[in-house]
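This is what each chain is made of:
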Amino acid sequence: MIHLGNLSPNKGANKQRKRLGRGPGSGHGKTAGRGHKGFKSRSGSGIKPGFEGGQMPLQRRLPKRGFTNINTVKFSIVTLSQLDSLDAGSEVNSASLIEQGMARKGLPVKVLANGEISKAVTINVEKVSAGAKAKIEAAGGKVVEAETK
């Protein structure tokens with residue numbers, strides 16, 4: 001009867017690992033298959049990513065372009081068409097938008113004027129575009145801009 005105690009892999013399924021540096025009788029003693037001298041015989045050797053045999057690597061040959069502003073603020077974008085699905089007269093803030101899956105946690109929220117809004121809602125988020133503010137107020141809503149974190 002077969003059970004966990006007597007299971008074994010099929011013959012030839014498992015190959016023994018090559019044991020290097022275990023004496024001359026093994027066939028892999030002394031230099032352990034690394035040959036004599038040279039870069040590849042040393043410990044810590046190995047071609048690093050991007051190394052092109054001494055030729056100037058591609059990432060150094062290409063020109064640098066532009067720059068990345070480290071002070072840029074990334075916003076979680078919410079559109080008016082998303083806000084239209086909310087109940088009329090409701091108070092909308094960053095926490096409620098994150099809870100409903102419309103905004104990402106940890107990012108300030110910005111409302112953009114994509115789509116239309118037909119319900120009067122009070123918006124209390126970090127940023128609201130001018131077009132979105134006009135459309136929300138035209139629908140009878142109110143905009144209160146919260147402080148950016």
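Participant: What is the right way to look at the sheet that holds strand β5 (residues 127–128) in this model?
Facilitator: Paired through their backbone hydrogen bonds, the strands of a sheet run either parallel or antiparallel. Taken together, three strands build an open sheet; the order of strands is β1-β3-β5 and the sheet is parallel. A single partner strand is all that each edge strand has here, and the edge strands are β1 (76–79) and β5. The sheet contact formed by strand β3 (residues 109–112) and β5 spans two bridges and is parallel. Across the sheet, K110 pairs through a bridge with K127, a residue of β5.

Participant: What's the story with a nonpolar patch on the surface in this structure? I'm lost.
Facilitator: A cluster of nonpolar side chains, namely I2, L4 and L7, defines an oily patch on the protein surface of about 400 Å² accessible area. Here I2 is to be found in the segment before α1 (58–61). We classify I2 as exposed; its relative accessible area is 68%.

Participant: Would you take a moment to explain the sheet that holds strand β4 (residues 122–124) for this structure?
Facilitator: Read from one edge of the open sheet, three strands run β2-β4-β6, paired in parallel fashion. At either end of the open sheet lies a strand with only one pairing partner, and these are β2 (91–93) and β6 (142–143). Where β4 lies against β6, two bridges are found, and the strand directions are parallel. Each residue of the ladder has a partner; that of T122, found in β6, is K142.

Definitions and cut-offs
Residues numbered from 1 in each chain as written. Predicted model: local features only at pLDDT ≥ 70, side-chain atom pairs only at ≥ 80, totals over all residues. Heavy atoms only, no water. Pairing = 2+ DSSP bridges. Helix = DSSP H or I, 4+ residues; strand = E, 2+ residues; numbered from the N terminus. Patch = residues over 30% accessible without salt bridge, like charges linked within 9 Å, V, L, I, M, F, W, Y side chains within 5 Å. Areas by Shrake-Rupley, 256 points an atom, 1.4 Å probe, with all protein chains shown as cover. Salt bridge = Lys/Arg side-chain N within 4 Å of Asp/Glu carboxyl O. Buried < 20%, exposed > 50% of the residue type's maximum accessible area, 1.4 Å probe, protein only.

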